[in-house]
Structures are given as structure tokens and as C-alpha cells.
Amino acid sequence: MLRSPNTSESSNVTTQKTTGTSDKYKPSYTVEGRQILIVYGTEYGFSEEVSRKLFDRLSDIEIGKDESRFQPRMVNAKDYTCIDWEQEQICLIIISTSGDGVPPTDAREFCEFLTTTDTSLKHICYSVMALGDTNYPQFCKTGKQVDQRMSELLASCITDRSDVDMEDWSVINRWMDKVVQYLSEQSSIETRMDYLDLSSLDDDSIPSRHNPFMAVLKVKKPLTFQTSEDDKETIHCEFDITDSGLSWTSGDALGIYPENNPSHVENILKMLEFDGTEKINTPVWAYKPYSDTGDIDLYTAILKFYDLKFIKIDLLQLLCDVVTEEREKTELQQLLQQGTSKSNSFLYEYINEREVRDVLENFNSFVIKTPKQFVSCLKQLQPRYYSISSSPIVDNNTVCVTAAVVRYKLLGQPREGVTTTYLQDRLEVRDRCPVFMSRNPDFRLPSNNNVPVILIGPGTGIAPFRAFIQEKEKQENPGPVYLYFGCRHRNKDFLYKEELGKVLPWKQLLLNDYENANTILVVFSLTQRQNKTIHVSCKCTLPAWKRYFILLPINISKIRKMGTEWIDIIKSCLFKRPESESLCSRFIAQRFKTVMAAY
């Protein structure tokens, strides 16, 4: 039987007592019904958001007088062992692809299970929604593999897999329409008592994306020196996580929940003619302790849980219905007349250049009567993820992040990044901030301490390598490390310059000094000479790189953003290798070849 032995066998599930709105997605059904399994695999939360939308639609399906209601259940792929596949009839899988074509971290064991099991699933009807990003060569690879494997296990596909680029809701909704139509026409789905008790899966003892730890910001300091608006602004933050139960490995990331700029929230409330004290239902994605409350005031909800930068098409559609000036209605109709898919370039160009407050200012004759009407058209505010720039070997109670503060102008107005300005401008030392850990098992130092390592980290890409270097310092007989670090000015944005200088000597790339194999070589990708910018990567050679065969970029796909010169350098480093060298070297070289094949 395809089921974990620790799963409850009882079908006499009692009604779950709930206070928070998120509990509606963890139902305990007490009457017979027609169960539908929704499995989602997510790295940053979007697959879960889509699953909630699907859950709501399935719950609302109209049924005949003598038919039992559908009973959808949402299961995170990481909890797949609670599923008794022999009792399932309908399985809908929504899964994203991370980085270079790998499953989300929490979904890896589920994908491995599908790959290795040989049990027939011919009694199950299924469909897959694959979420991805066409900027990556392995677009929707995980979803495609899951779809293929379900077919190989003889499950019956009820509607073709849908491959979704980014957050294209037009594609998502079309897939959901087909699923709902299929289920509405089915009378052969058996009525049963549900065996799943999803409430038993909660583990509040360990901080997570849904239950973050309120860490204390104990250190914040600038890493760059600014003399003009064009100079980079980068900060170093240290959070105290003592007694949190959180742990990490060098290479992991810290998830941080930000808050919107209060002045932006107040501006929007003023335009809406709300005072912020109005009560609304707590958003279903709210983290604890807010998720345990039934309602929340509008100001706090917008400040903490709604994205004010991303414009959902729902907002434009709402405004089209509620504006009173004919000119504004005509403009909105023109934006929407070619449809809401990404093929409507006119619409998406407008959306990509604006924020929520811009749209409200553009079409200010609207009459929105209730807060619910407005917030239902907003996207959830997602946490941001920062590579951890400290090793737990040095201090497992203090986690460090390195962040480049984002400020820019758009449509003549100053703009800002949500989280980086929250950290820099609004979060004070000794304030608390909700955080959690995000694992990155593909980004690790080699297990053999003697293996030479090349680290390429332009700008804030140095963050995880600082953790790696701290770790190498603690190792016995560590192999050599070359750190290639790119910045614009030696005296302005050479991050951690003094700290790295104390560890081991650094040299500038133009010196072409590679002879000391036991040093960390910090170099500049750009330098200024006689008011002329020199791209150093065009001039460097690699006489000694043949001895170093491990490359650990944060994400190999991102190498392409470093420019063609760096790509050529890395190719020469990885591909001109005798076959007798490390399997790890050949593995990473092959991954790089796969990534670069599309460019």
C-alpha cells in the first residue's frame, strides 16, 4: 500500500475548530463526499496560491440534487507520505521548477518517489499545471517530468498539462476551467469518507514560511561609500535567532517578510477614502500569529500582506466597472480589449511600468465601496530571499545577510525596492523582523576539504561566498580558494574589503598574479583609469585555472548576465579538461553546457 505507516487510519474525522481563515484549506470532512487531491510543490509560495484558487473553485462546483459535494484537499508535496494513493481517484498537481530545472526543495522527495515507485496508478485521473519562467532554459522541466511519470504509471490524463510562464493567470484560469468542466460532467467518482487529517501535519515548533521567527536586528551597517546617486548602496544586517530552533548550512537563504512603505499605504487609503480602521478578513496567506485571527484592520493588512508594486489585471477590470468618467473607462477598455494574456503587449507594457498607486491616480474617478472589493484585486506580498553571508560554524545564533538597496526612477517618480528599503530605512536596530530559512541543497562547498574552489560573485553575489570563506578558515588543511569578485570602485563598493584583507591577501585582476595557490584572490570586474571604464574580463587570461575545477555560482543560469567575456572565460575553465579529472568538474561543466546551449 502506497502510504506512510504513521498516517492515521481513522475515517471518523471530527470537525476541525478554526479561528483563522487559512484553516479553510485544511478541512476535516465529517460527511461522505467525492474527494479531490491537490498536490502543490512550491519554492516561494505561488504554487500554493494557485492551489488555494483551485480549491475555492472546486468547492463551489454546482452539483445535482442526488450527488455528493466535491471535497478538495490541499497537500504540500513535502507531506506526500500522508497520501494513500490507493484511495485517491482524482489528483491535480501544481508544481514549479526552480533554477536550472530542479524541483522545489520541499518537493524533491515527492518527485523522487514518483520516479522510483513501480506501483500502478491506473485508477487515478490526473492533470498537471507546470509553473516556470521562460528566462530559464529548463522551462517547466519539473512539471513536464511529473506529467510524464504519472502517464508511465498508467494514470489517466483528464486535460493536457498547462505550462505557465511566470504568473500568467490567463493560462492558469484556462486550465482550471477545463478541470472544473471535466469534474462537473463526471458521475463516476465514488462517494467516500475522507481518510486525510491535514491538521495533523502542522508543526509549529519549527519556524517556517507560515510561522516565521521574530528575529531581532542587532547590527546594521553600510558596506559602500556613496558620493553620487549612481553609486551603489549596500548594507550588512545581522539577526539574532537565539532559541528559535532555526538552523542553516552555508549556501542557504534567509526568507524575510517586509512591510510596505507606510507613506504609500496612507496615500492609497486616502485615494480610496478609507481611514484604515475598517475590518477585513485576514488574508489566507498571512503568517502566524496573524493567521490565527479572524479579521484584521485594513491598514495593517495592506502594510504587511498585500503587494503594492505588482498590478493584477483584476484591478484594471474592477476599475473599468467602477470609474465614472467616460474617458477613463475608454482607456481601460482599450487596455483590456486584446485580452489578458501576455500576447497583449500593450496591456503588459502598461502594467510593468506602474505600481498600484499609479493606476489609482490614473483612473481616479473610481467609486470603490468596500475594502474587500479593493484588496481582492491585490497580489499577496511575498517574502524575499537573501543568501546568508555567514557560517553557522562561526556563530549559529547570528545570521547575516548582504543587501543592495534598490532605488530608481520610473515615469519621473522615485521608486524603491520593498524589502531592501524596509531593512535600510524603516527597520531599526533592536526591532523584530519575521524570518525563516530556505534550503538550497544544490549550493554547497565540496565535501572534500582539499578540493580547490573557484567562487565567482559579482556585487552582492559575494554574500554566500563570505559564508564559504568563513567555513574554509575553520577547516583543517583546506584546499586553495579563488574568489572572483566584481565591483565598480575599489574605495566605494569593494564589499567586505577589510575583512577579506585580514583573512588572506587580495590582488587586482590586471596584475595576472595566480602563482600563490593558497590565497583568496579578490579581483575587480570593472576599474576606472583616466576616466575610462575598462572591462577587466576582456583582458584576463587563465594560466593557473587548470588546477581548479570546482565552480560554485549561486545559479549557473545567471552567469549569462555577467556578459559574454565572463562566459568565454568560464567555458575555457570548464571545458578544456583532461578526462582524468574530477567527476564533479565534468558534472558541473555539463550543467553549464546545458544552460548555455540556449544562448
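In this text the structure is predicted, and so the values were computed from the model without any measurement.

Caption draft 1: Focus on the overall build of the protein. On a plain count of helices and strands, the protein comes out with 16 helices and 22 strands. Restricting to contacts in the protein with at least 6 residues of sequence separation, those with at least 24 account for 75%. For the protein, the exposed surface amounts to about 27,800 Å²; the carbon and sulfur share of it is 47%.

Caption draft 2: Layout of the nonpolar core. Formed by 45 residues in total, the largest nonpolar core has its most connected members in Leu319 and Phe374. Secondary structure elements with two or more residues in this core: helix 5 (262–272), helix 6 (298–305), helix 7 (313–322), helix 8 (326–336), helix 9 (345–352), helix 10 (356–362) and helix 11 (371–375). Counting residues per element, this core draws most heavily on helix 7, at 7 residues. Not counting residues within four places of it along the chain, the set of residues in contact with phenylalanine 374 comprises Ile268, Leu272, Ile302, Leu315, Leu318, Val356, Leu360 and Ile368.

Caption draft 3: The pattern of salt bridges, seen in detail. In the structure shown here, the tally under the stated rule is 31 salt bridges. Here lysine 78 and aspartate 79 are joined by a salt bridge, their closest N and O atoms 3.6 Å apart. Classification of lysine 78 by relative accessible area gives partly exposed; the value is 43%. Since its relative accessible area comes to 16%, aspartate 79 is described here as buried. In this structure, the salt-bridge partner of glutamate 331 is arginine 327, at a minimum N-O distance of 2.8 Å. Within this pair, glutamate 331 and its partner arginine 327 are both found in helix 8, separated by 4 residues, close to a single helical turn. A relative accessible area of 31% means that glutamate 331 is categorised as partly exposed. Taken together, the salt bridges that share partners define one network made up of Lys309, Glu355, Arg357, Asp358 and Arg415.

Caption draft 4: Structural view of the packing of helix 7 against helix 8. Where helix 7 contacts helix 8, the axes come no closer than 9 Å and their chain directions differ by 145 degrees. Classified by chirality, the crossing of helix 8 by helix 7 is left-handed. Residues Ile313, Leu316, Gln317, Leu319, Cys320 and Asp321 of helix 7 lie in contact with helix 8, whose contacting residues are Lys329, Leu332, Gln333 and Leu336. Considered class by class, the residues forming the contact of helix 7 with helix 8 number 6 nonpolar, 2 polar and 2 charged.

Caption draft 5: Representation of the side chain of serine 390 in the model. Tracing the sequence through the fold places serine 390 in the loop between strand 14 (384–387) and strand 15 (398–404). A distance of 3.1 Å separates a polar atom in the side chain of serine 390 from the backbone nitrogen of cysteine 400. Beyond its immediate sequence surroundings of up to four residues, serine 390 is in contact with Trp248, Ser250, Thr398, Val399, Cys400, Arg466, Ala467 and Gln470.

Caption draft 6: Quick look at the environment of serine 170. Position of serine 170 among the secondary structure elements: in helix 4 (residues 169–184). Note: C-alpha distance between serine 170 and lysine 342 (172 residues apart in sequence) is 8.3 Å. Ignoring any residue separated from it by four or fewer positions in sequence, one finds serine 170 in contact with Thr340 and Ser341. A polar side-chain atom of serine 170 sits 2.5 Å from a polar atom in the side chain of aspartate 168.

Caption draft 7: Structural view of the side chain of asparagine 261. Tracing the backbone through its elements, the reader meets asparagine 261 in the loop between strand 9 (253–256) and helix 5. Take asparagine 261: its relative accessible area is 16%, and that puts it in the buried class. With residues up to four places along the chain from it excluded, the contact list for asparagine 261 reads Glu416 and Arg426.

Caption draft 8: Layout of the pairing of strand 1 (residues 34–41). Buried residues dominate strand 1, accounting for 8 of its 8 residues. Across 7 bridges, strand 1 lies against strand 2 (residues 70–76) in parallel orientation. Note that in strand 2 the partner of leucine 37 across the bridge is arginine 73. In the sheet, strand 1 pairs with strand 3 (residues 90–96) via 5 bridges, with the strands oriented parallel. Following the sheet pairing, leucine 37 is matched in strand 3 by cysteine 91.

Caption draft 9: Molecular detail of the confidence of the model for the protein. Mean pLDDT over the protein works out to 82, with 79% of the residues at or above the 70 mark. This stretch, residues 1–21, has a pLDDT under 50; its non-local contacts, to residues over four places away or in other chains, come to 54 contacts. Taken as a whole, residues 507–520 scores under 50 in pLDDT and shows 51 contacts with residues more than four places along the chain or in a different chain.

Caption draft 10: A look at unusual backbone geometry. Residue proline 289 is reached from lysine 288 by a cis peptide bond, and omega for that bond is 10 degrees. Residue position: proline 289 is located in the loop between strand 10 (279–281) and strand 11 (295–297). In this model, methionine 166 sits at a positive phi of 55 degrees, which is unusual for a non-glycine residue. With respect to the helices and strands, methionine 166 occurs in the loop between strand 6 (162–165) and helix 4. For methionine 166, a relative accessible area of 41% translates into the label partly exposed.

Conventions adopted
Residues numbered from 1 in each chain as written. Predicted model: local features only at pLDDT ≥ 70, side-chain atom pairs only at ≥ 80, totals over all residues. Heavy atoms only, no water. Helix = DSSP H or I, 4+ residues; strand = E, 2+ residues; numbered from the N terminus. Contact = heavy atoms within 4.5 Å. Areas by Shrake-Rupley, 256 points an atom, 1.4 Å probe, with all protein chains shown as cover. Core = buried A, V, L, I, M, F, W, Y, C linked by side-chain atoms within 4.5 Å. Buried < 20%, exposed > 50% of the residue type's maximum accessible area, 1.4 Å probe, protein only. Salt bridge = Lys/Arg side-chain N within 4 Å of Asp/Glu carboxyl O. Axes fitted to C-alpha atoms, helices over the stretch in contact; angles between N-to-C directions. Left-handed = near helix turned anticlockwise from the far one by under 90°. Nonpolar A, V, L, I, M, F, W, Y, C, P; charged D, E, K, R; others polar. Polar contact = N/O pair within 3.5 Å; in protein donor to acceptor, adjacent residues only side chain to side chain. Pairing = 2+ DSSP bridges. pLDDT = per-residue confidence, 0-100.

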